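The primary structure of each chain is shown beneath.
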Amino acid sequence: GAVVSQHPSRVICKSGTSVKIECRSLDFQATTMFWYRQFPKQSLMLMATSNEGSKATYEQGVEKDKFLINHASLTLSTLTVTSAHPEDSSFYICSARGRGLRGDTQYFGPGTRLTVL
Amino acid sequence: AQSVTQLGSHVSVSEGALVLLRCNYSSSVPPYLFWYVQYPNQGLQLLLKYTSAATLVKGINGFEAEFKKSETSFHLTKPSAHMSDAAEYFCAVSGNSSSGYALNFGKGTSLLVTP
């Protein structure tokens, strides 16, 4: 199957700093990428949907100025957590859909564990 | 909007016993349904998916699920549990085209397998 990578896999930062997480589709063109957040022992919650070359669509309650998403190419989307605070500590997972694929075809990255001190 | 409900946040079975994890869906259109497994501190692994073909779907690691429209259910089963099956299991439904087919996840069921 197709491969989606995330970098870094783990990051620890101080409160107030910004952190960038990359999501890459390694062997297909990802026209749509999704960003999910998972708090400890909870389910995945969709944060935003990004389509290549256009602005991301954020879910209700997700601050777009805090969680900056850039989907600049067909293989890369980035999530930047700006001015991170301890409550932003979470597991962030991206997934990607390719051009022309049906709704049943989506590939997940391995996730990024963010810890804000 | 499409959604799923997982009944039982924790399920405990003995090694070798039947595994049954319950999932009910709500969807205004024929749904795409998924089961994922997540091991501690890891990402998601797709177990199986239903895409309107055969109602009985076979997945990896001996798991299978049956789509029952009359019951709006997509329960996950495995005839004989292994210790290695202990993990978190998520049922998910695909949203429609307006959402880009984002997945809506259930709250998850933690499976414990005892010797």
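Our subject is the structure that appears above.
Every value quoted in this text rests on a predicted model; they were computed, and no experiment measured them.

**Q** Help me get a handle on the pattern of salt bridges, residues and values and all.
**A** Pairing is possible between side chains that carry opposite charge, provided their charged atoms lie close to one another. Counting across every chain of the model gives four salt bridges over all chains. Between Asp88(A) and Lys66(A) there is a salt bridge whose closest N-O contact spans 2.9 Å. Of this pair, Asp88(A) sits in the loop between strand S8 (76-81) and strand S9 (90-98) while Lys66(A) sits in the loop between strand S6 (57-58) and strand S7 (67-73), and the two are 22 residues apart along the sequence. For the pair Asp88(A) and Lys66(A), a shared accessibility class is recorded, and that class is buried. The shortest N-O distance in the salt bridge between Asp85(B) and Lys78(B) comes to 2.9 Å. Assigned by exposure class, Asp85(B) and Lys78(B) land together as buried.

**Q** Provide a residue-level description of the sheet that holds strand S8 (residues 73-78) of chain B, including the pertinent values.
**A** Residues and elements named next belong to chain B. The antiparallel open sheet is built from five strands, whose spatial order is S1-S3-S8-S7-S6. The open sheet has two free edges, formed respectively by strand S1 (3-7) and strand S6 (56-58), since each of these has just one partner strand. On average, each strand axis in the sheet is inclined to that of its neighbour by 20 degrees, with strand direction left out of account. Bridge count for strand S7 (residues 64-68) against S8 is five bridges, and the pairing is antiparallel.

**Q** Talk me through unusual backbone geometry; I want residue IDs and the actual numbers.
**A** Here the bond from His7(A) into Pro8(A) is cis, since omega is 0 degrees, no more than 30 degrees from zero. Among the structural elements, Pro8(A) can be located in the loop between strand S1 (4-7) and strand S2 (10-13). In this structure, Asn61(B) takes a positive phi of about 60 degrees despite not being glycine. Positionally, Asn61(B) belongs in the loop between S6 and S7.

What counts as what
Residues numbered from 1 in each chain as written. Chains lettered and ligands numbered in written order. Predicted model: local features only at pLDDT ≥ 70, side-chain atom pairs only at ≥ 80, totals over all residues. Heavy atoms only, no water. Salt bridge = Lys/Arg side-chain N within 4 Å of Asp/Glu carboxyl O. Helix = DSSP H or I, 4+ residues; strand = E, 2+ residues; numbered from the N terminus. Buried < 20%, exposed > 50% of the residue type's maximum accessible area, 1.4 Å probe, protein only. Pairing = 2+ DSSP bridges. Axes fitted to C-alpha atoms, helices over the stretch in contact; angles between N-to-C directions.

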